[in-house]
Amino acid sequence: MEQSSQDTKFFGHPSGLTTLFFTEMWERMSYYGMRALLVLFMTATLQEGGLALTVATAGAIYGLYTGSVYFMGLPGGWIADRLLGGQKTVWYGGIIITIGHIVLALPNDKTFFVGLILVILGTGLLKPNIGAMVGQLYSSKDRRRDAGYAIYYMGINLGSFFGYIICGYLATNMGWHWGFGAAAIGMGLGLIQYKLTAPKLNGAGLLPPSPLSPKGAKTAWLVIVGFLITVAVITTLVFQGQIIINAVVLAQYTAITFSAIFVLYYTAIYMFGKLSKSETLRLTALLLVCIASACFWSGFEQAGSSLNLFARDYTDRMIGSFEIPPAWMGSANAFFIIILSPFFAALWMKLGQKLVTPAYGLKCAIGLIIMASGFIIMFFAAQYAASGLKVAPYWLIATYFLHTVGELILSPTALSAVSKLSPKRFAGQMMGVFVLTYSIGNIISGLLAGSFDPNNVEQMPSLYIQISLFSIGIGIVILLLSLKTRFWELLAEQEDKEEKSSPQVA
């Protein structure tokens, strides 16, 4: 249901935006606050209260966790569309996330992984649907929609910033599980706020837009319950030692599986989607964007793993007598996004006014190359660390700055490309396929992070430069190919003009 365009109670926007803004802010506070601690906690020694896992294992678990969060958004969106509606799905997702963080806060090694599973399941329900409800607050002709998403995106980054600061401080000064507990409180506050202000949503996401028949719904719930029982049984067998899971091997196979799903689905649409020549060319142009996205996130997500470890082990974090918590370094990304977002919004508007619209592939390639250049900075920082020195924080800050610039160029561009270049009858499915690039990138990121062995610091410079050169190489190839595919991207605009100019038959 679309909310009336007359509602301007929240800075000129529908009052329901306050509900979604603060719910997402608290959810991201809990997610990023916990994510900042994840690899640090898993690799900390038993004496430090950690799990004493190897960097390779911790990196693989981190990649599986972050990759699965995005992957579970696919069934989460389906559940909202066909069974529960967005409002209920977000509510139940938030409850599961809160329980997951509470379990993480318990000082027990085994329940820690149960908590991770719960957060994955809950985030899969909440994350895709709260974003979809933002769009439902506006009528189809409401020009405030893009600005509304910009405000909503600001809530995401405010939550991220405070999550790093609060959870990072508590984990360092009071203990790991205090940090995880703060994440639970954050999500709990988000839930309370969501419930109290839900009437402001004015029906947005209240009902599923494409509900299943009663028989279909019953079958769907049986499948969902069967899946949850399977997860519970496997988890129990792992705890009992009857199933041995190698996290690194599992991450490798999961990355292959997600990549295979992406390739097979894309191929199926090519072969059986009855595409016109224009649609085929546009999908090929979109493929470049998808490849750029997967490569981008495999580098960018080092923020929560290898860069986090570098902040802990090789960065001089002392300011006078105060030691900066290592998790605080990661907050630079959210800070830079808040500062730079208005600049990039103005830049694209200015270019548009001058009728200069860079191709999607070109912008994504530039974003990937800028992100990759951050690892050139880390190459030099790692050389200092390999010589036995602790480096100044500005090396990491500069890296996060370049990563943020790359994100602001690539991320919104890629989402826009999916919506514009996909055949309209496959728009929803292609967005789901595109989300797989996040999952693939995150899992590869975890596997790459596992190569950063703190006991072999002399290997670190070469590892960083390999990531940089590979990503820059992919970016250059995509940039060159975009010189051709930019003409294919324009076919979407031509078709839109033809549809508008063609006579309508009653």
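1. Focus: the overall build of the chain
When helices and strands are tallied, the chain shows 16 helices and two strands. On C-alpha atoms alone, the chain measures out to a radius of gyration of 23 Å, which is about the 23 Å that the 2.2 N^0.38 rule sets for 506 residues. Across its three principal axes, the chain shows a C-alpha extent of roughly 75 × 50 × 45 Å. By the burial criterion, 51% of the 506 residues in the chain qualify as buried. Restricting to contacts in the chain with at least 6 residues of sequence separation, those with at least 24 account for 83%. If you sum the accessible surface of the chain, you get close to 23,000 Å²; carbon and sulfur atoms cover 69% of it. Within the chain, the 23 negative side-chain charges are centred at a point lying 9 Å from the centre of the 31 positive side-chain charges.

2. Let's talk about the packing of helix α3 (residues 73-84) against helix α5 (residues 109-136)
Each pair of packed helices can be described by the angle between their axes along with the distance between the axes. For the pair α3 and α5, the least separation of the axes is 7 Å and the interaxial angle reads 65 degrees. One element, α3, and the other, α5, form an angle in the roughly perpendicular class. Remark: the crossing between α3 and α5 carries right-handed chirality. On α5, the residues that touch Gly73, Gly76, Gly77, Ile79 and Ala80 of α3 are Gly124, Leu125, Pro128 and Asn129. Classifying every residue of the contact of α3 with α5 by side-chain character gives four nonpolar, five polar and no charged.

3. Observations concerning the environment of Ile234
Mapped onto the secondary structure, Ile234 falls in helix α8 (residues 214-239). The exposure class assigned to Ile234 is partly exposed, which follows from its relative accessible area of 39%. Counting along the chain gives 134 residues from Ile234 to Gly100, while the straight-line C-alpha distance between them is 18 Å.

4. Regarding the packing of helix α13 (residues 360-386) against helix α14 (residues 394-421)
Interhelical geometry of α13 versus α14 gives an angle of 160 degrees and a closest axis separation of 8 Å. On the basis of their axis angle, the class for α13 and α14 is roughly antiparallel. For the pair α13 and α14, the crossing hand works out as left-handed. A class-by-class count of the residues in the contact of α13 with α14 yields 22 nonpolar, eight polar and two charged.

5. Considering the packing of aromatic side chains
According to the stated counting rule, one finds 31 aromatic pairs in the structure shown. Both rings, one in Trp91 and one in Tyr194, keep their centres 6.4 Å apart while their planes meet at 15 degrees; by these two values the pair is stacked. With Trp91 in helix α4 (residues 86-105) and Tyr194 in helix α7 (residues 176-197), this residue pair connects regions lying 103 residues apart in the sequence. Members of the aromatic cluster, connected to one another through ring pairs, are Tyr70, Phe296, Trp297, Phe300, Phe434 and Tyr438. The ring of Tyr31 is capped by Arg28, whose NZ or CZ atom sits 4.3 Å from the centre of that ring. Stacked on the ring of Trp91, the Lys or Arg Lys195 has its end atom at 4.6 Å from the ring centre.

6. Quick word on the nonpolar core
Membership of the largest hydrophobic core comes to 108 residues, with the highest contact counts inside it found for Met34, Tyr65, Phe112, Leu286, Phe310 and Tyr464. With 12 residues, the single largest contributor to this core is helix α10 (residues 277-300). Setting aside residues no more than four positions away along its own chain, Met34 makes contact with Tyr65, His101, Leu104, Leu116, Val119, Phe180 and Ala183. In this structure, Ile130, Val134, Tyr152 and Leu191 belong to the second largest nonpolar core, which totals 17 residues.

7. Notes on unusual backbone geometry
Even without being glycine, Asn202 reaches a positive phi, approximately 55 degrees. Residue placement: Asn202 occurs in the loop between α7 and α8. The phi torsion at Lys274 lies on the positive side, around 50 degrees, for a residue other than glycine. Among the structural elements, Lys274 can be located in the loop between α9 (247-272) and α10.

8. What about the side chain of Ser422?
Turning to its location among the elements, Ser422 is positioned in the loop between α14 and α15 (427-449). The exposure class of Ser422 is buried, given its relative accessible area of 2%. Of note is the side chain of Ser422, whose polar atom sits 2.6 Å from the backbone oxygen of Val418. Those residues within four positions of Ser422 in sequence are excluded, and the remaining contacts are Arg282, Leu286, Ala417, Ala427 and Met430.

9. A short note on helix α1 (residues 16-43)
With 28 residues, α1 ought to run about 40 Å at 1.5 Å a step, and its terminal C-alpha atoms sit 42 Å apart, in line with that. Roughly 30 degrees is the biggest bend found in α1, and it falls at Leu37. Of all 28 residues making up α1, 26 are buried, and the element is well covered by its neighbours.

Thresholds applied
Residues numbered from 1 in each chain as written. Predicted model: local features only at pLDDT ≥ 70, side-chain atom pairs only at ≥ 80, totals over all residues. Heavy atoms only, no water. Helix = DSSP H or I, 4+ residues; strand = E, 2+ residues; numbered from the N terminus. Rg over C-alpha atoms; globule rule 2.2 N^0.38 Å. Buried < 20%, exposed > 50% of the residue type's maximum accessible area, 1.4 Å probe, protein only. Contact = heavy atoms within 4.5 Å. Areas by Shrake-Rupley, 256 points an atom, 1.4 Å probe, with all protein chains shown as cover. Lys, Arg positive; Asp, Glu negative; His and termini not counted. Charge placed at Lys NZ, Arg CZ, Asp CG, Glu CD. Axes fitted to C-alpha atoms, helices over the stretch in contact; angles between N-to-C directions. Parallel < 35°, antiparallel > 145°, perpendicular 65-115°, else oblique. Left-handed = near helix turned anticlockwise from the far one by under 90°. Nonpolar A, V, L, I, M, F, W, Y, C, P; charged D, E, K, R; others polar. Phe/Tyr/Trp six-rings, centres within 6.5 Å; stacked < 30°, edge-to-face > 60°. Lys NZ or Arg CZ within 6 Å of the ring centre and 35° of its normal. Core = buried A, V, L, I, M, F, W, Y, C linked by side-chain atoms within 4.5 Å. Polar contact = N/O pair within 3.5 Å; in protein donor to acceptor, adjacent residues only side chain to side chain. Expected span 1.5 Å × (residues − 1). Bend = angle between axes of the 7 residues up to and from the residue.

Keep in mind that these numbers describe shape and distance, not what the molecule does.
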